[in-house]
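Chain by chain, the residues run as shown.
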Amino acid sequence: MATKILISLGVVLVCLATVTAWLSARNEARAETEFPPEGQILDVDGVPVHAVVMGEGPDVVLIHGSSGNTRDMTFALAPILAQNYRVIVFDRPGLGYSGSFNPDGETITEQAEILQHAAAFLGADKPIVAGQSYGGSVSLAWAITRPDNISALVLIAPAAVPWETPLDSFNTIASTSAGNTLALPLITAFTPDWYVSQALDSVFAPQKAPEGYAQHFGPSLTMRRASMHSNAKQRANLLDEITQLQPRYGDISVPTEIVHGTADTTVELDLHSERLVEQIPGAELIELEGVGHMPQVVAADEVAAAIDRAAQRAGLR
């Protein structure tokens, strides 16, 4: 009897694994069909990097945050900037349609290097660099490690100062090989649309995701197994990387603007930007009253104005 139970259980598990793998692959293929690359795929040092280019004028590079892709920036901010700038929006390594190249998770310094090479490939040798949240961390690494290849720095709700809260349970599991093999396929296969919409609104809190944002952004791109695993590994390593980078903030010499919402509970204003502005010479902080973690979407005009100020300070406008 025990043998029959074990055999039956084994059959059920094999069937579940087969169905999960099939549904995961189907959902990923559907996501890529519904939300194809917006721009071109560059070969940068042997790594595919997805870049969207629009507009004419001084170069501005936009770097999205955790779990994001180019579509986060092209929903509102990039079209506004494209009236006066040549805007280059990148997918960070391992996310969107850019390839992963470090099995342990690309560091913010490695990401800054390859995105700077991609920008130079497009003829942007000294762009204004603007990044949101985790993208702000990458932008800080760019300013510190690639100082000859940046003209101004704009940080949008940046993760910039070491924190004490532990990594959340999802990313803790998703960053591991076991989580990648066992947990992520289940999430890709079975997560309902209502939960994704609810999670998206929580990122925008106290605002909600604007009408049409989800249809443009494509949350299902983020739900792909490889994207979740890459994102989680990067998140797992970020605290140590910020801790190592912070002592060098005083070396940043380009004009720096920091934009942060007062209602941001994801990356807190007082812990990060209010302390960061004191560490970068000449940096200026713009606080957006009542705005949460997504100023590049819900306060795109104010973020664009900060980029204008950075451009003026750098003598580009």
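Higher on the page you've got the structure.
Heads up: these notes are all about the structure in this document.

**Notes on the overall build of the chain**
The secondary structure content of the chain amounts to 14 helices and 8 strands. Taking all 317 residues of the chain together, 50% fall into the buried category.

**Things to note about the nonpolar core**
If you look at the biggest cluster of nonpolar residues, it comprises 42 residues, and the most contacted ones within it are Phe90, Leu140, Trp142 and Tyr249. For this core, the elements supplying multiple residues, two or more each, are strand 1 (40-44), strand 2 (47-54), strand 3 (59-63), strand 4 (86-90), helix 4 (108-121), helix 5 (134-145), strand 6 (152-156) and helix 11 (225-245). Among the elements that line this core, the one with the most residues is helix 5, at 7 residues. Excluding residues within four positions of it along the chain, tyrosine 249 makes contact with Leu140, Ile144, Ala160, Ile242, Leu276, Gln279, Ile280 and Pro281. By size, the runner-up hydrophobic cluster in this structure holds 28 residues, among which are Val60, Leu77, Ala300 and Ile307.

**Some remarks on unusual backbone geometry**
Cis geometry marks the peptide bond from alanine 205 to proline 206; its omega dihedral reads 5°. With respect to the element layout, proline 206 can be found in the loop between helix 8 (193-204) and helix 9 (213-217). Located in the positive-phi region is serine 67, a residue other than glycine, with phi close to 60°. Note on placement: serine 67 falls in the loop between strand 3 and helix 2 (70-74).

**Details of the pairing of strand 6**
The buried fraction of strand 6 amounts to 5 of the 5 residues, a majority that puts the element mostly inside the structure. Burial along strand 6 is two-sided: the face carrying Ala152, Val154 and Ile156 and the face carrying Leu153 and Leu155 are both buried. Of the pairings in the sheet, the one linking strand 5 (residues 128-132) to strand 6 comprises 5 bridges and is parallel in character. Among the inter-strand pairings, glutamine 132 is bridged to a residue of strand 6, identified as isoleucine 156. The handedness of the strand 5 to strand 6 crossover, carried by helix 5, is right-handed. Pairing of strand 6 with strand 7 (residues 256-261) involves 4 bridges; the strand directions are parallel. Paired with valine 154 across the two strands is glutamate 257, which belongs to strand 7.

**Let's talk about helix 7 (residues 177-190)**
Residues spaced three or four apart along an α-helix face the same direction, because each turn holds 3.6 residues. With 14 residues, helix 7 extends 20 Å from end C-alpha to end C-alpha; this agrees with the ideal 20 Å at 1.5 Å per step. The sharpest bend along helix 7 comes to roughly 40°, located at alanine 183, with the proline proline 185 sitting one to four residues further on. For helix 7, the complete set of buried residues consists of Gly179, Leu184, Pro185, Thr188 and Ala189.

**Digging into the environment of aspartate 104**
Among the secondary structure elements, aspartate 104 is positioned in the loop between strand 4 and helix 4. Remark: the alpha-carbon pair of aspartate 104 and lysine 233, spanning 129 residues in sequence, is separated by 6.7 Å. Among residues more than four places away in sequence, those in contact with aspartate 104 are Lys233 and Asn237.

**Description of the sheet that holds strand 1**
Spatially, 8 strands are ordered 1-2-4-3-5-6-7-8 in an open sheet, and the strand pairing comes out mixed. Only two strands of the sheet have a single neighbouring strand rather than two, namely strand 1 and strand 8 (284-288). Each strand of the sheet is rotated relative to its neighbour by a mean of 25°, with strand direction disregarded. Across 5 bridges, strand 7 lies against strand 8 in parallel orientation.

**As for the packing of aromatic side chains**
For the structure on display, the rule yields 4 aromatic pairs. Centroid distance tryptophan 194 to tyrosine 195: 5.9 Å. Interplanar angle 80°. Geometry classified as edge-to-face. Classification of tryptophan 194 by relative accessible area gives exposed; the value is 57%. Here the aromatic rings of tyrosine 213 and phenylalanine 217 are separated by 5.4 Å at their centres, their planes lie at 15°, and the arrangement is stacked. Residue tyrosine 213 and its partner phenylalanine 217 are both found in helix 9; the two are separated by 4 residues, about one turn of the helix. An identical accessibility class is assigned to tyrosine 213 and phenylalanine 217; each is buried. Taken together, Phe75, Phe204, Tyr213 and Phe217 form an aromatic cluster joined through their ring pairs. It is arginine 224 that lies over the ring of tyrosine 97; its NZ or CZ is 5.3 Å from the centre.

Quick notes on the rules
- Residues numbered from 1 in each chain as written.
- Predicted model: local features only at pLDDT ≥ 70, side-chain atom pairs only at ≥ 80, totals over all residues.
- Heavy atoms only, no water.
- Helix = DSSP H or I, 4+ residues; strand = E, 2+ residues; numbered from the N terminus.
- Buried < 20%, exposed > 50% of the residue type's maximum accessible area, 1.4 Å probe, protein only.
- Core = buried A, V, L, I, M, F, W, Y, C linked by side-chain atoms within 4.5 Å.
- Contact = heavy atoms within 4.5 Å.
- Pairing = 2+ DSSP bridges.
- Right-handed = clockwise from strand over helix to strand, strands pointing away.
- Expected span 1.5 Å × (residues − 1).
- Bend = angle between axes of the 7 residues up to and from the residue.
- Axes fitted to C-alpha atoms, helices over the stretch in contact; angles between N-to-C directions.
- Phe/Tyr/Trp six-rings, centres within 6.5 Å; stacked < 30°, edge-to-face > 60°.
- Lys NZ or Arg CZ within 6 Å of the ring centre and 35° of its normal.

By themselves these figures say nothing about function.
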